[in-house]
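Chain by chain, the residues:
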Amino acid sequence: MVGPLASAIQYQNSSTHTRTIPVDESHREKMRISSSFLLPLPLPLRCCPWSRCCGMGDFRPRTVWLGHPEKREQRYPRNVINNQKYNFFTFLPAVLFNQFKYFFNLYFLLLACSQFVPELRLGALYTYWVPLGLVLIITIMREAVEEIRCYLRDKEVNSQIYSKLSTRGENQRVPADMIFLRTSERNGSCFLRTDQLDGETDWKLRLPVACTQRLPTAADLLQIRSYVYAEEPNIDIHNFIGTFTREDGDPPVNESLSIENTLWASTVVASGTVVGVVIYTGRELRSVMNTSNPRHKVGLFDLEVNCLTKILFGALVVVSLVMVALQHFAGRWYLQIFRFLLLFSHIVPISLRVNLDMGKMVFSWMIKKDSKIPGTMVRASTIPEQLGRISYLLTDKTGTLTQNEMVFRRLHLGTVAYGMDSMDEVQSHVFSAYTQGVKTLLYNSDSSSRAPAATKVRKTISSRVHEAVKAIALVHNVTPVYEANGVTDQAEAEQHYEDTCRVYQASSPDEVSLVQWTESVGLTLVGRDQSSMQLRTPTGQILNFTILQIFPFTYESKRMGIIVRDESTGEITFYMKGADVVMAGIVQYNDWLEEECGNMAREGLRVLVVSKKSLTEEQYQDFEARYVQAKLSVHDRSLKVATVIESLEMEMELLCLTGVEDQLQTDVRPTLEILRNAGIKVWMLTGDKLETATCTAKNAHLITRNQDIHIFRSVTTRGEAHLELNAFRRKHDCALVISGDSLEVCLKYYEYEFMELACQCPAVVCCRCTPTQKAQIVRLLQERTGKLTCAVGDGGNDVSMIQEADCGVGVEGKEGKQASLAADFSVTQFKHLGRLLMVHGRNSYKRSAALSQFVIHRSLCISAMQAVFSSVFFFASVPLYQGFLTIGYSTVYTMFPVFSLVLDKDVKSEVAMLYPELYKDLLKGRPLSFKTFLIWVLISIYQGSIIMYGALLLFESEFVHIVAISFTSLILTELLMVALTIQTWHWLMIVGELLSLACYVASLVFLHEFIDVYFITTVSFLWKVTAITLVSCLPLYILKYLRRRFSPPNYSKLTS
């Protein structure tokens, strides 16, 4: 390979130094393989981390000379991976800064630091520093592990020696953006897979520079005087403008370069060996420039917990001020305020965030280990509880609701149509065309006026069918590839066109289905290279065609064309196929195209219009001269090339329509039914045409049979949009179908009104949507409704929508893994979405709510006891518990039972799937609300007061007895409250309860400083603790029983 700074191609050592690069998919967006091992001369090192001082701040066009590094005009970025967030020096400061930039972490740091002030010290330093230190250590260790893993992955990739790309390594990826110079393939081309670039898994054809491909050996690349001119780096992965110039030729050679001559980084070479010249490296790679930093998603549940924590902090300040006020602000009252703030600091639980983060890790692990949704991945472990509160689901169509597996269903010739049950007629027409001779057939059909009318019609239909089938077999980018099958080797199979060894490669499954259909009716594509194509007739005859020009399909043109010369007759024909919206203005006038396209689209078929135009030799030569001149243009090349091609696209003969069906994914209908019953509104956002999208929505039961549909007519002005919105407003309980163009007009002038009406619809279908519009719809739903959204897609065009939604779910489909890699959650099939939401989402949210409220309850209990204690002893700022008792309470003694709530569940997963209405209850946010929060606050105050007053009333002589009675009662109360909260017992919950109790009993031996060991062995201690614990817990158990008896929750009716 040749780089911008290279003087030679390091091909000589390819036999000993060829190494494959194991690419981790987590690096898909920042793929930069170290080219310092590619080139004999090292790439320039940057003098500092910032590129601008090295002259690399601006993107500029470049001229890259083959074998002449001294002619380098500028410096280029290093081609290395660096996905680390920190380095050795910045790691600790950056991690600490990220922790303490949040108010509450800073609050606990200030509390701990205040203990160095003698007037504010309330006990041993470790009582404040140990909890804070544990939180920080866990965070630092997590960040360190991620950084080390990232460093090792980067180092492994950056240390590879790379001389030559070959098929010896599976999924071997191109290390830098290159121009394709040479290939070892006999047909002079190769195929690429661009799944990590644009999300598509289909193979794309790439062509080497013709001048360098004709050289005898790769070594001759260094002997010629040539250079590549490349445009400035940009984000467009589908287009490229450049030229290749060889100066020592006679005359000098000047070839235009386009996307077909490129090998972008991170793509996979499918066949043969390729040699290229590197034109972009590092941050200038197309794959790197297309990286978008997805927004950092903070769950609604986390925001609600933060809100409750702020309320607790306000309560902390109020309690502290009240205590000082009850002292009548005597003495140094401002110091007393700070002491009370420290004394009641348990009101704001420092362990809340740690418990919730650990709970989310458990929920993510449960999702990944669920055998009923195999292959499901959690890529954002911070928001699993979001899955339990989704109100709007926005889904792509192709590859998500449908399989992206195309099946040919219909051939329409205008006067006659052939379906799946009449394909044998097409086969007989094709067979008769080649057995009787095509020319004879046409001659008879045109000149025999004395023949019966029926015979004339039959022969005319035969010729039309033959022309249509031949056009479909020629106008495509499909290449047949032959593979060894154990009986026949590859070379023999390719030589004899073995049907059993042939596999079709193409950039679109539509094209493969069309070519497979022509094979089934008798006309088989058996060979293809850069300049020719071979078809085999039903009689075994090989038809040879020379490919003169190919105009590939683009999203802008919505059509593709090919100019071929029939070697047997010398006829030149221009074939074209495309979408009906563009082909209607290209073909000759007819009265059936629009109607039949609509009919086929209503059946859910993808429709293509096929046409042809015969060219004379003079017409083609004139076109070729203008076309080559336009392709050599550096400025406005695309416009000039399109203008030249459009000069041919006039008055073309309409041959046929083809209809291809994209089948539904498995269990799409029951999954959508589950989501609808759960109260989730489903919107389908697709790039397909309106009729196809509507038909798929009906077929998938997104729109039910008895539901009215309002098709929003096309609008272009504000007035039209106003009238159409008024017409839509008069309809009720009606599904909406709208195109992307009309949607854009409505959002421009009547955004609020449109969103208000659309949100009332049971289902919405948006067709002809761009990726930007998909993301815009998600954003508007979030802003206008305040509800949580979930976006589901499988292609690169769904990434923006997935990243914008509150929960992004990627489906690993035929369009690649780009969507699943960019998503928060990844599933292998759409049907897994039902269980992901109904079971895991519901459980995660309910468990998180229970865990957070219990952690708050645990902290408020001990704070209430402290408040009672201080009040009884004349509002003194003296701690009730000191030393290890304070730390052990929220860690060793109660941590395991409280955290075991992440295993609790109210109903079995089968019941949750059978009754999705249970999910609807969560949409109101009842598991964690101000009402439930207030209830837990009252419970905490009641239990804390009972325990403290009980201990004060029942203690006999020494203060240490108060500590022993109250602390033991507190621990037992917490363990019993966990048991009261649990709805379904798990064996780990029992282990947690017993382990915590055992730890407390065992630790009493070492706590003689705080607890009288002899006193706790007496009967007096045991009955006092028992009495206090019963008074604090028994009323709550009675209330729970009465509530379940007279006002049971919905889930209890299903479990009883």
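Residues numbered from 1 in each chain as written. Predicted model: local features only at pLDDT ≥ 70, side-chain atom pairs only at ≥ 80, totals over all residues. Heavy atoms only, no water.

1. Some remarks on the overall build of the protein chain
For step 1, the next point in the chain: In terms of helices and strands, the protein chain carries 37 helices and 30 strands.
For step 2, the next point in the chain: Within the protein chain, buried positions represent 55% of all 1056 residues.
For step 3, the next point in the chain: In the protein chain, once contacts between residues fewer than 6 apart in sequence are set aside, the share between residues at least 24 apart is 75%.
For step 4, the next point in the chain: Carbon and sulfur atoms make up 57% of the accessible area of the protein chain, which amounts to about 46600 Å² in all. (Helix = DSSP H or I, 4+ residues; strand = E, 2+ residues; numbered from the N terminus. Buried < 20%, exposed > 50% of the residue type's maximum accessible area, 1.4 Å probe, protein only. Contact = heavy atoms within 4.5 Å. Areas by Shrake-Rupley, 256 points an atom, 1.4 Å probe, with all protein chains shown as cover.)

2. Focus: a positive patch on the surface
For step 1, the next point in the chain: A cluster of basic residues, K920, K924, R926, K931, K1040, R1043 and R1044, forms a positive patch on the protein surface.
For step 2, the next point in the chain: Top element by residues in the positive patch is helix α36 (residues 1019-1046). It accounts for 3 residues.
For step 3, the next point in the chain: By the element assignment, K924 lies in the loop between α32 (917-920) and α33 (930-954). (Patch = residues over 30% accessible without salt bridge, like charges linked within 9 Å, V, L, I, M, F, W, Y side chains within 5 Å. Salt bridge = Lys/Arg side-chain N within 4 Å of Asp/Glu carboxyl O. Lys, Arg positive; Asp, Glu negative; His and termini not counted. Charge placed at Lys NZ, Arg CZ, Asp CG, Glu CD.)

3. Some thoughts on helix α25 (residues 771-785)
For step 1, the next point in the chain: Spanning 15 residues, α25 covers 22 Å between terminal C-alpha atoms, matching the ideal 21 Å at 1.5 Å per step.
For step 2, the next point in the chain: Every buried residue of α25 is listed here: Q773, K774, A775, I777, V778, L780, L781 and Q782.
For step 3, the next point in the chain: Positive phi shows up at G786, right after α25, with a value of about 70 degrees. (Expected span 1.5 Å × (residues − 1).)

4. A short note on the pairing of strand β23 (residues 653-664)
For step 1, the next point in the chain: Among the 12 residues in β23, 9 count as buried, and that is most of the element.
For step 2, the next point in the chain: Where strand β13 (residues 402-412) and β23 come together, 7 bridges link them in antiparallel fashion. Within β23, the position partnered with T402 by the bridge is L664.
For step 3, the next point in the chain: In terms of strand pairing, strand β22 (residues 605-615) meets β23 through 8 bridges, oriented antiparallel. (Pairing = 2+ DSSP bridges.)

5. Comments concerning the sheet that holds strand β5 (residues 226-230)
For step 1, the next point in the chain: Taking strand neighbours across the sheet as the criterion, the 4 strands line up as β1-β5-β6-β7 in an open arrangement whose pairing is antiparallel. Pairing within the sheet leaves two strands with one partner each, and these edge strands are β1 (62-65) and β7 (253-257). Across the sheet, the mean angle separating the axes of adjacent strands is 20 degrees when strand polarity is ignored.
For step 2, the next point in the chain: As defined by bridge partners, β5 adjoins strand β6 (residues 242-246) across 5 bridges and the pair is classed as antiparallel. Each bridged residue has a counterpart across the sheet, and for Y227 the counterpart in β6 is T245. (Axes fitted to C-alpha atoms, helices over the stretch in contact; angles between N-to-C directions.)

6. Digging into the packing of helix α22 (residues 718-729) against helix α24 (residues 751-759)
For step 1, the next point in the chain: At their nearest, the axes of α22 and α24 sit 11 Å apart, and the two run at 25 degrees to each other. With respect to α24, the axis of α22 lies roughly parallel. Once α22 is placed against α24, the crossing between them reads as left-handed. Side by side, α22 and α24 meet where L725, F728 and R729 of the first sit next to E753, F754 and L757 of the second.
For step 2, the next point in the chain: Class assignment for the residues of the contact of α22 with α24 results in 4 nonpolar, no polar and 2 charged. (Parallel < 35°, antiparallel > 145°, perpendicular 65-115°, else oblique. Left-handed = near helix turned anticlockwise from the far one by under 90°. Nonpolar A, V, L, I, M, F, W, Y, C, P; charged D, E, K, R; others polar.)

7. Quick notes on the side chain of E255
For step 1, the next point in the chain: Within the secondary structure, E255 is located in strand β7.
For step 2, the next point in the chain: With no salt bridge to any partner, buried E255 finds its closest opposite charge in R214, at an N-O distance of 4.5 Å.
For step 3, the next point in the chain: For E255, the side chain forms a polar contact with the main-chain nitrogen of C211, separated by 2.8 Å.
For step 4, the next point in the chain: In this view, E255 contacts V209, A210, C211, G242, T243, F244 and L632; residues no more than four positions away in its chain are not counted. (Polar contact = N/O pair within 3.5 Å; in protein donor to acceptor, adjacent residues only side chain to side chain.)

8. Observations regarding the side chain of T243
For step 1, the next point in the chain: With respect to the helices and strands, T243 occurs in strand β6.
For step 2, the next point in the chain: If near-sequence neighbours (up to four positions away) are discounted, T243 is found in contact with Y227, V228, Y229, N254, E255, S256, L257, L632, V634 and R637.

9. Points about the nonpolar core
For step 1, the next point in the chain: Grouped together as the largest cluster of nonpolar side chains are 55 residues, with contacts concentrated most on F301, L312, L316, L851, F854, L928 and M977.
For step 2, the next point in the chain: Composition of this core by domain shows at least three residues from each of domain 1 (57-290) and domain 2 (300-374 + 835-1053).
For step 3, the next point in the chain: Not counting the four nearest positions on each side in its chain, L928 is found in contact with F301, E304, V305, L308, Y845, A849, S852 and Q853.
For step 4, the next point in the chain: One finds M423, I461, M560 and V660 within the second-largest nonpolar core, a separate group that totals 44 residues. (Core = buried A, V, L, I, M, F, W, Y, C linked by side-chain atoms within 4.5 Å. Domains from an automatic or database assignment.)

10. A short note on the pattern of salt bridges
For step 1, the next point in the chain: All told, the structure shown has 28 salt bridges when counted by the stated rule.
For step 2, the next point in the chain: Between R62 and E284 there is a salt bridge, and its shortest N-O distance comes to 3.0 Å. Placement of R62 in strand β1 and of E284 in the loop between β10 (274-280) and α7 (286-289) is noted, with a sequence separation of 222 residues between them.
For step 3, the next point in the chain: Here R62 falls in the buried class, since its relative accessible area comes to 1%.
For step 4, the next point in the chain: Residue classification places E284 among the buried positions, given a relative accessible area of 2%.
For step 5, the next point in the chain: Close ionic contact of E247 with R225 constitutes a salt bridge, the shortest N to O distance being 2.8 Å. A residue pair is termed long-range when its members are at least 10 positions apart, and E247 in the loop between β6 and β7 and R225 in the loop between α6 (210-213) and β5 qualify at 22 residues.

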